[in-house]
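Here are the chains, one letter per residue:
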Amino acid sequence: MVRLLKEEDGWTIITTLLTLPVLICILILTIQIWGVFTIYNHTESLKYNTLSKMEVNGGLTQQDKMVLEQKLIDRGADPDTIQITGDILENNKKPVYWPDEVSLRIEFTPKDFDNFTARTIIGGTPGEPLKIGVEGSVVSSKTKN
């Protein structure tokens, strides 16, 4: 090994010292981007699951909302930033009946991946927290009895 270094006049060490930090930065960026997109994909999945329940109930019940919030926290959402809006059945609000639509919007800041890398590479603003948001709607199948 020493003989190879002497014959190449140290170029192996120089190229290693130059490329190793770049490779480490690429690895960190990849992990950050993967983390945010994983949380986003889990949120999309939760959205579709919740919309299917809302379709049957004519809106989001309080119990389903609490379950949704807990699942979001389990998947990496900061509990203080979770905002769930749409057709939520609270304060004696009546359900949405067929053929009207029920809608849902979920927005939050990730707990572990809200840093400079995630905010700048993925399209956020460096000074503001990264927001993950999904929304959707479905036609209610609830009928008046």
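A brief look at the structure comes next.

What counts as what
Residues numbered from 1 in each chain as written. Predicted model: local features only at pLDDT ≥ 70, side-chain atom pairs only at ≥ 80, totals over all residues. Heavy atoms only, no water. Helix = DSSP H or I, 4+ residues; strand = E, 2+ residues; numbered from the N terminus. Buried < 20%, exposed > 50% of the residue type's maximum accessible area, 1.4 Å probe, protein only. Contact = heavy atoms within 4.5 Å. 1 Å grid on protein atoms, 1.4 Å probe; cavity = no way out; pocket = protein on both sides within 12 Å on 5 of 7 lines; lining within 4 Å. Points joined across faces, edges and corners; volume = space filled by probe spheres on them. Nonpolar A, V, L, I, M, F, W, Y, C, P; charged D, E, K, R; others polar. Patch = residues over 30% accessible without salt bridge, like charges linked within 9 Å, V, L, I, M, F, W, Y side chains within 5 Å. Areas by Shrake-Rupley, 256 points an atom, 1.4 Å probe, with all protein chains shown as cover. Salt bridge = Lys/Arg side-chain N within 4 Å of Asp/Glu carboxyl O. Pairing = 2+ DSSP bridges. Axes fitted to C-alpha atoms, helices over the stretch in contact; angles between N-to-C directions. Lys, Arg positive; Asp, Glu negative; His and termini not counted. Polar contact = N/O pair within 3.5 Å; in protein donor to acceptor, adjacent residues only side chain to side chain.

## Overview of the overall build of the protein chain
Moving on, step 1. Looking only at helices and strands, the protein chain features four helices and five strands.
Moving on, step 2. Secondary structure elements of the protein chain, listed N to C terminal, follow the sequence α-α-β-α-β-β-β-α-β.
Moving on, step 3. Here the protein chain holds 145 residues, and 29% of them are scored as buried.
Moving on, step 4. Taking the contacts inside the protein chain whose residues are at least 6 apart along the sequence as the reference set, 72% of them involve residues at least 24 apart.

## Examining empty space enclosed by the protein
Moving on, step 1. Applying the stated criterion across every chain yields a total of one cavity of 30 Å³ or more.
Moving on, step 2. For the largest cavity, the full set of lining residues is Leu46, Asn49, Thr50, Lys53, Leu60, Asp64, Val67, Leu68 and Lys71.
Moving on, step 3. Among the elements of the structure, helix H2 (11-57) and helix H3 (62-74) are those that each provide at least two residues to the lining of the largest cavity.
Moving on, step 4. A per-class count over the lining of the largest cavity returns four nonpolar, two polar and three charged.

## Examining a nonpolar patch on the surface
Moving on, step 1. Together, Trp11, Ile14 and Leu18 make up a nonpolar patch on the protein surface, roughly 350 Å² of accessible area in all.
Moving on, step 2. Tracing the chain through its elements places isoleucine 14 in helix H2.

## Topic: the sheet that holds strand S2 (residues 83-86)
Moving on, step 1. Strands sit in the order S2-S4-S5 across an open sheet of three strands; the sheet is antiparallel. Whereas interior strands pair on both sides, the edge strands pair on one side only; in this sheet they are S2 and strand S5 (132-139). Ignoring which end each strand starts from, the neighbouring axes of this sheet average 15 degrees apart.
Moving on, step 2. As defined by bridge partners, S2 adjoins strand S4 (residues 101-108) across four bridges and the pair is classed as antiparallel. Bridge pairing links isoleucine 84 to isoleucine 106 in S4.
Moving on, step 3. Most of the contacts of H3 go to S2, to which it runs at about 140 degrees, and overall it touches S2 and S4.

## As for the side chain of aspartate 64
Moving on, step 1. Along the polypeptide, aspartate 64 turns up in helix H3.
Moving on, step 2. Notably, aspartate 64 is buried but unbridged: the nearest opposite-charge side chain belongs to lysine 53, and the N-O separation is 4.3 Å.
Moving on, step 3. Among the polar contacts made by the side chain of aspartate 64, one reaches the side chain of threonine 61 at a distance of 3.1 Å.
Moving on, step 4. When residues no more than four places from it in sequence are discounted, the contact partners of aspartate 64 are Lys53 and Asn57.

## Focus: unusual backbone geometry
Moving on, step 1. Here the bond from tryptophan 98 into proline 99 is cis, since omega is 10 degrees, no more than 30 degrees from zero.
Moving on, step 2. Its place among the elements puts proline 99 in the loop between strand S3 (88-89) and S4.
Moving on, step 3. Non-glycine residue asparagine 91 carries a positive phi angle of around 55 degrees.
Moving on, step 4. Locating asparagine 91 in the fold gives a position in the loop between S3 and S4.
Moving on, step 5. Given a relative accessible area of 75%, asparagine 91 falls into the exposed group.
Moving on, step 6. Positive phi, close to 60 degrees, is recorded for asparagine 92, a residue that is not glycine.
Moving on, step 7. Counting through the fold element by element, asparagine 92 comes out in the loop between S3 and S4.

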